[in-house]
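So the chains spell out like this:
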Amino acid sequence: MEKELKEIHQISKDSMNEVRTIVENLKSRTLASELETVKKMLEIAGIEVQIENQLDKASLTQDLESTAAMILLELATNIIKHAKARSASLRLTRRDQEVILSVLDDGKGFTRVGGKELHTVRDRVLPFSGQVQIVSLKNPTEVRVHLPYKERN
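Just so it is clear, the model here is predicted, and its values are computed rather than measured.

**Notes on the sheet that holds strand S2 (residues 87–95)**
Within the open sheet, the 5 strands sit side by side as S1-S2-S3-S5-S4. Their pairing is mixed. Single-partner strands in this sheet number two, and they are strand S1 (48–53) and strand S4 (131–136). Taking each pair of neighbouring strands and ignoring which way they run, the sheet shows an average axis angle of 15 degrees. Relative to the sheet, helix H3 (residues 62–83) contacts S2, strand S3 (98–105) and strand S5 (141–148), its axis offset from that of S3 by approximately 15 degrees.

**Here we look at the nonpolar core**
Judged by nonpolar contacts, the single largest core of 36 residues is most densely connected at Leu42, Leu101, Val145 and Leu147. Looking at this core, the elements that each hand over two or more residues are helix H2 (31–44), H3, S2, S3, helix H4 (119–125), S4 and S5. Per-element accounting of this core gives the leading share, 10 residues, to H3. Once you skip the residues sitting within four places of it in the chain, Leu147 turns out to touch Leu64, Ala68, Ile71, Gln97, Glu98, Val99, Leu101, Val125 and Phe128.

**A word on the environment of Pro140**
The residue Pro140 is located in the loop between S4 and S5 in this model. The partly exposed category is assigned to Pro140, whose relative accessible area is 35%. Taking the C-alpha atoms as reference points, Pro140 and Ala88, separated by 52 residues in sequence, lie 9.1 Å from one another.

**Section: the pattern of salt bridges**
Taken as a whole and judged by the stated rule, the model has 5 salt bridges. Where Glu43 meets Lys39, a salt bridge forms, and the shortest distance between an N and an O atom there is 2.9 Å. Taken together, the residues Glu43 and Lys39, both in helix H2 and 4 residues apart, mark about one turn of the helix. Residue Lys39 is classed as partly exposed on the basis of its relative accessible area, which comes to 26%. Arg86 serves as the salt-bridge partner of Asp106, at 3.9 Å between the closest nitrogen and oxygen. Separated by 20 residues along the polypeptide, Asp106 in the loop between S3 and H4 and Arg86 in the loop between H3 and S2 bring together distant segments of the chain. Owing to a relative accessible area of 62%, Arg86 belongs among the exposed residues under this scheme.

**Comments concerning the packing of aromatic side chains**
The description of an aromatic ring pair rests on the distance of the ring centres and on the angle between the ring planes. The full count for this structure, using the stated rule, is 0 aromatic pairs. Over the aromatic face of Tyr149 sits the side chain of Arg94, whose NZ or CZ is 3.6 Å from the ring centroid.

**A closer look at the pairing of S3**
In terms of burial, S3 is largely enclosed, as 7 of its 8 residues are buried. The pairing of S2 with S3 spans 8 bridges and is antiparallel. Its bridge partner being in S3, Ser89 is matched across the sheet by Leu104. Turn length for the S2-S3 hairpin, with the two strands adjacent in sequence and antiparallel, is 2 residues, and the turn residue Asp96 shows positive phi of about 50 degrees. Pairing of S3 with S5, which is carried by 8 bridges, proceeds in the antiparallel orientation. For Ile100, the partnering residue across the bridge sits in S5 and is His146.

The rules behind the values
- Residues numbered from 1 in each chain as written.
- Predicted model: local features only at pLDDT ≥ 70, side-chain atom pairs only at ≥ 80, totals over all residues.
- Heavy atoms only, no water.
- Pairing = 2+ DSSP bridges.
- Helix = DSSP H or I, 4+ residues; strand = E, 2+ residues; numbered from the N terminus.
- Axes fitted to C-alpha atoms, helices over the stretch in contact; angles between N-to-C directions.
- Contact = heavy atoms within 4.5 Å.
- Core = buried A, V, L, I, M, F, W, Y, C linked by side-chain atoms within 4.5 Å.
- Buried < 20%, exposed > 50% of the residue type's maximum accessible area, 1.4 Å probe, protein only.
- Salt bridge = Lys/Arg side-chain N within 4 Å of Asp/Glu carboxyl O.
- Phe/Tyr/Trp six-rings, centres within 6.5 Å; stacked < 30°, edge-to-face > 60°.
- Lys NZ or Arg CZ within 6 Å of the ring centre and 35° of its normal.

Here's what the structure looks like:
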């Protein structure tokens, strides 16, 4: 009985360590590695992709970098799942005190906008008081995300 308890205890410790590692890896998602992932995802789905990254990622806070990475991943997933696009373009820029993520695709676009679209992206932007904007519904579809620029200390 004591042997089984020791085994269970060890399994529990190992599991906790694995969870900690996973959480740390999620927290430290870099924009550069996530952009690579997004590019591969889109290419595997048969979508030609262009990425223009003008951000100096070294100056972004970890929080902002991680959030931007997750938003781009979400938008790319939406293109793959819904858009039936042949090409996509991702542009990351900084203007004054904001970071702008602009995602365009040549897919079928939005039929109409009722406010519920992109709710996952909107949820990620909320803590930053950022904004999600559907710039054009189609030809091309363009979604723009504005996040306040925060510098690393």
